[in-house]
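Here is what each chain is made of, one letter per residue.
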Amino acid sequence: MQKIIILLLIACMSWAAAIAQQNKFTLGLGIQRTWMLDKQSSPLKYQTGEKSILLGYDHIGSKGIFSVHANGALGSFFPTGFHNRQMYDPGYNEDGTPKADSFAIPGTLYSGRFSLSYLRQGGSGNSIIGKGDLSNRSYLGGSLSNQLFYSDNIVRTGWFNSTSFNAEYLHTARFNTKHYFSIKISIPLIARNTRLQYHNTISSPTGEGHVKTFFKEGSGFAWLGNFQNIQLDAGYEYSLSDHFSMG
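Here's a quick rundown of the structure.

What counts as what
- For every chain, the first residue of its written sequence is number 1, and the numbers climb from 1 along that sequence.
- Side-chain atom pairs in this predicted model are given and counted only at pLDDT of 80 or more, local residue features only at pLDDT of at least 70, and totals for whole chains, interfaces and linings cover all residues.
- Only hydrogens and water are removed before side-chain values are computed, so all heavy atoms of the structure are retained for them.
- Any pair of Phe, Tyr and Trp rings, taking the six-membered ring for Trp, is counted once the centres come within 6.5 Å. Such a pair is stacked with planes under 30 degrees apart, edge-to-face with planes over 60 apart, and tilted for the rest.
- We count a stretch as a helix when DSSP gives it H or I for four or more residues in a row; a strand needs E for two or more, and each element gets its number in order from the N terminus.
- Whether two strands pair comes down to DSSP finding at least two bridges between them.
- Here a cavity means grid points, on a 1 Å grid over the protein atoms only, where a 1.4 Å probe fits yet cannot get out; a pocket means an open set of points with protein on both sides within 12 Å along at least five of seven lines; lining residues are those with an atom within 4 Å of a point.
- Grid points are joined across faces, edges and corners, and a volume is the space filled by probe spheres set on the points.
- Patch definition: residues above 30% relative accessible area lacking any salt bridge, with like charges linked at up to 9 Å and the nonpolar side chains Val, Leu, Ile, Met, Phe, Trp and Tyr linked at up to 5 Å.
- Only the protein chains shown count as cover for residues, and all accessible areas are computed by the Shrake-Rupley method using a 1.4 Å probe.
- A pair is scored as a salt bridge if a Lys or Arg side-chain nitrogen falls within 4 Å of a carboxyl oxygen belonging to Asp or Glu.
- Accessible area is worked out with a 1.4 Å probe on protein chains only. A residue is then buried under 20% of its type maximum, exposed over 50%, and partly exposed in between.
- Residues are grouped as follows: Ala, Val, Leu, Ile, Met, Phe, Trp, Tyr, Cys and Pro are nonpolar; Asp, Glu, Lys and Arg are charged; all remaining types, including Gly, are polar.
- Throughout, nonpolar core names a set of buried Ala, Val, Leu, Ile, Met, Phe, Trp, Tyr and Cys residues whose side chains join them through atoms within 4.5 Å.
- In this analysis, two residues are considered to be in contact whenever any of their non-hydrogen atoms come within 4.5 Å of each other.

**Things to note about the packing of aromatic side chains**
The relation between two aromatic rings is expressed through the spacing of the ring centres and the mutual angle of the planes. What the rule picks out here adds up to seven aromatic pairs. Between the aromatic rings of Tyr-110 and Tyr-150, the centroid separation amounts to 6.0 Å while the plane-to-plane angle is 35°, which identifies the pairing as tilted. With a gap of 40 residues between them, Tyr-110 in strand β7 (residues 107-129) and Tyr-150 in strand β8 (residues 132-153) connect regions that are remote in the sequence. Here the aromatic rings of Phe-160 and Phe-227 are separated by 6.2 Å at their centres, their planes lie at 50°, and the arrangement is tilted.

**Quick look at the pairing of strand β9 (residues 160-175)**
Here 16 bridges tie β8 to β9, and the two strands are oriented antiparallel to one another. Counted as the bridge partner of Gln-147 is Ser-162 from β9. Here β8 folds back onto β9, and the loop between the two strands holds six residues, one of which, Gly-158, carries a positive phi near 90°. Both β9 and strand β10 (residues 179-195) contribute to a ladder of 16 bridges, which runs antiparallel. When the bridges of β10 are listed, Arg-174 appears paired with Tyr-180. In textbook terms, the turn of a hairpin is the stretch between consecutive antiparallel strands, and for β9 and β10 this stretch comprises three residues, one of which, Asn-176, has a positive phi near 55°.

**Quick notes on the layout of surface pockets**
The calculated volume of the second largest pocket comes to roughly 220 Å³. Lining the second largest pocket are 14 residues, and of these Tyr-150, Trp-159, Ile-202, His-210 and Phe-214 lie nearest its centre. Those elements that place two or more of their residues in the lining of the second largest pocket are β8 and α1 (210-217). At four residues, the largest contribution of residues to the lining of the second largest pocket is made by α1.

**Structural notes on a nonpolar patch on the surface**
A contiguous nonpolar surface patch, about 1,100 Å² in accessible area, is contributed by Phe-66, Phe-114, Leu-116, Tyr-118, Leu-144, Phe-165, Leu-189, Ile-190, Phe-221, Trp-223 and Leu-224. Only β7, β10 and β11 (219-223) provide two or more residues apiece to the nonpolar patch. As for its placement among the helices and strands, Phe-165 is situated in strand β9. Assessed through its relative accessible area of 41%, Phe-165 is described here as partly exposed.

**Section: empty space enclosed by the protein**
The full count for this structure, using the stated rule, is one cavity of 30 Å³ or more. Its volume calculated, the largest cavity comes out at about 50 Å³. Lining of the largest cavity is provided by Arg-195, Leu-196, Gln-197, Thr-201, Ile-202, Thr-213, Phe-214, Glu-217 and Gly-218. With three residues, α1 is the largest single contributor of residues to the lining of the largest cavity. Considered class by class, the residues forming the lining of the largest cavity number three nonpolar, four polar and two charged.

**Here's the deal with unusual backbone geometry**
For Asn-176, which is not glycine, the phi dihedral falls at a positive 55°. Among the structural elements, Asn-176 can be located in the loop between β9 and β10. By relative accessible area, Asn-176 is classed as partly exposed at 32%. The residue Thr-177 is not glycine, and still its phi comes out positive at about 65°.

**Points about the nonpolar core**
Core analysis: the largest hydrophobic core is formed by 11 residues, namely Met-36, Tyr-46, Phe-77, Ile-105, Leu-109, Phe-149, Val-155, Phe-160, Ala-191, Ala-222 and Phe-227. Those residues in contact with Leu-109, other than ones at most four positions away along the chain, are Thr-34, Thr-48, Glu-50, Ala-73, Leu-74, Gly-75, Phe-77, Phe-149, Tyr-150 and Ser-151.

**Regarding the pattern of salt bridges**
Overall, the coordinates contain three salt bridges when judged by the stated rule. Lys-24 is the salt-bridge partner of Glu-237, the closest N and O atoms lying 2.7 Å from each other. Here Lys-24 lies in strand β2 (residues 22-38) and Glu-237 lies in strand β12 (residues 231-239), a separation of 213 residues in the sequence. The same class applies to Glu-237 as to Lys-24, namely buried. For Glu-168, the salt bridge goes to Lys-184, with nearest N and O atoms at 3.8 Å.

Below you can see the structure in the form of structure tokens.
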């Protein structure tokens, strides 16, 4: 059993052409917290504090939105409550006394996600709130995404890669042209998942490389019935000018 929970807080700077069809470019920097429980390799719940970067491109047309987004993160990886774990030398000194040598048990988690999506506009509406105008848009579509979790150093738990086709729903609201809100949900319908074998080692009888062996031996198809990886994104942007916004 493997459970992964990610909380990502990121500040973005966006540039968009002030025309009916917009080409929007996004750069974001932030922090990410990941909690992982992989009972195949450890009964402990691991966590990390990561630095994250986000790159995005959106083409917003009159009928829909085409998007390409990628984000990567890197941070320390350790069991909850045992950040400063030590490994001790069980040997003995020449005089027969136990050795007291120790060193930290480090862990590093690399994670990343890439998505390519198209959402078709469904419902829309406009209303007046006080002296402001509020416009709403709803979109429905799908995406192809890949996410990777790779742990390094002594801590090697939690290796996982997933390539999935997802159903997505997006709702946006713009208030007085300055304030932009969005919320999106993504649910994988079918996925090709890869993880370590139950012996948690990579070995090839023909001498193939670790990466090739990892994907060759540990991959299998999954669907919504046995793979739930629901992702929820919520965002806010404030327009600084006709071309720039921060959110």
